[in-house]
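Inside the fold
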Amino acid sequence: MKTWLKALPKAELHLHIEGTLEPELMFELAARNGVTLPYASIDEVRAAYEFSNLQSFLDLYYQGMAVLHTEQDFFELAMAYFDRAHADGVVHVELSFDPQPHLLRGLEPSVPFEGLERAMREAEQRYDISSALIMSFVRDRSAEEAMTVLEQTRAWHHRLAAIGLDSAELGNPPEKFAAVFERARELGIPRLAHAGEEGPATYISGAMDALGVCRIDHGVRCLEDPALVERLKSEQMPLTVCPLSNVYLKVVERLENHPLPGLLEQGLKVTLNSDDPAYFGGGMLNNFIACHDAFGWDQATFRQLARNALEEAFMNDERRSRLL
Ligand code: ADE
Ligand code: ZN
């Protein structure tokens, strides 16, 4: 089954590129850029990856990404990810990045944009992996700051597939960003948001109503509201579910308790994704294998999950029909 899952053409729709930073590269970039890390060794970094909730992960995630200083750093980060994604049988990736922490450290917007895009072009040539870029706003920072970043990055908007909303969910409901997402709608940019990961089901309906999203990242808490489930089903709203992430961040205690089988039984449009593979036990293939081990799904189920992602991907139709 592992060989079959590896060969299955997979599209990854929920991936934070800063969450692909492995400790080895973190140390290399820290040395190159003169950044002092609060760890003595790579093993010590890995040992620190014990999370009690989303916030305890985010603290390390933002600290880790501070080693990224140049276009070349972003290029190497993304290429290292593409190498592993190719080995996992991934054929399409939608990578999101958080511009705010990088801009707040003094980087120009061109640094992440140009570095990531060079890697995306290289991945297409080297591996025939197609990709799309998503710019995500940090929801525990102000809506005014997000609006400023949206305007400040106008020169790169034509290269974005979508904007997203991530980081600390509880206490930062989607409505906080209604004006920013309305501005993105006026500018013709598709919109996504994390919702229902740690936050309640009302954040999922809020993201649909106040932000006009075409996809929900996570969404696993929707089962708490049967009317919402009906709505998600009738609209066939894609949910980019991240099984191992949910275990590592204690959204569920064990994968066997994950609502994934229930989401599928309800007829929801689910996809499987890795979220932050360097922090959560590996990439797409590990997520697929873990689901096989936990739920005993057959090939038809995995084929449907992979098909859902290809159908919902920001990808040209000619490539989509070739892959489907
Ligand atoms: N940023 C990176 N990973 C995230 C997650 N799982 N939830 C919210 N924000 C994130
Ligand atoms: Zn995420």
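See above for the structure.
As the structure is a prediction and not an experimental result, all values here were calculated from the model. (Residues numbered from 1 in each chain as written. Chains lettered and ligands numbered in written order. Predicted model: local features only at pLDDT ≥ 70, side-chain atom pairs only at ≥ 80, totals over all residues. Heavy atoms only, no water.)

1. Quick notes on the overall build of the protein chain
Each helix and strand counted, the protein chain has 16 helices and 8 strands in total. Over its C-alpha trace the protein chain gives a radius of gyration of 18 Å, about what one expects of a compact globule, namely 20 Å for 324 residues. The dimensions of the protein chain, computed from C-alpha atoms along their principal axes, are 50 × 45 × 45 Å. Taking all 324 residues of the protein chain together, 57% fall into the buried category. Restricting the contact set of the protein chain to residue pairs at least 6 apart, pairs at least 24 apart contribute 76%. Accessible surface, the protein chain as shown: approximately 12500 Å² in total, 49% of it carbon and sulfur. Distance between charge centroids for the protein chain: 4 Å, based on 30 positive and 50 negative side chains. (Helix = DSSP H or I, 4+ residues; strand = E, 2+ residues; numbered from the N terminus. Rg over C-alpha atoms; globule rule 2.2 N^0.38 Å. Buried < 20%, exposed > 50% of the residue type's maximum accessible area, 1.4 Å probe, protein only. Contact = heavy atoms within 4.5 Å. Areas by Shrake-Rupley, 256 points an atom, 1.4 Å probe, with all protein chains shown as cover. Lys, Arg positive; Asp, Glu negative; His and termini not counted. Charge placed at Lys NZ, Arg CZ, Asp CG, Glu CD.)

2. Quick word on the side chain of His157
Inspection of the secondary structure assignment puts His157 in the loop between α8 (143-152) and β4 (160-166). Separated by 2.8 Å, the side chain of His157 and the backbone oxygen of Leu150 make a polar contact. At 3.3 Å, the side chain of His157 and the side chain of Thr153 are in polar contact. With residues near it in sequence (within four places) discarded, His157 still touches Leu150, Leu187 and Ile189. (Polar contact = N/O pair within 3.5 Å; in protein donor to acceptor, adjacent residues only side chain to side chain.)

3. Digging into the site of ligand 1
Around ligand 1 sit His16, Leu54, Phe57, Leu58, Tyr61, Asp166, Ser167, His194, Glu197, His218, Asp275 and Asp276, and those are all the residues in its vicinity. Relative to its unbound accessible surface of 260 Å², ligand 1 loses 100% to contact with the protein. It is helix α4 (residues 54-65) that provides the largest number of residues to the shell around ligand 1, a total of 4 residues. Looking at side-chain class alone, the shell around ligand 1 contains 4 nonpolar, 4 polar and 4 charged residues. (Near = heavy atom within 4 Å. Nonpolar A, V, L, I, M, F, W, Y, C, P; charged D, E, K, R; others polar.)

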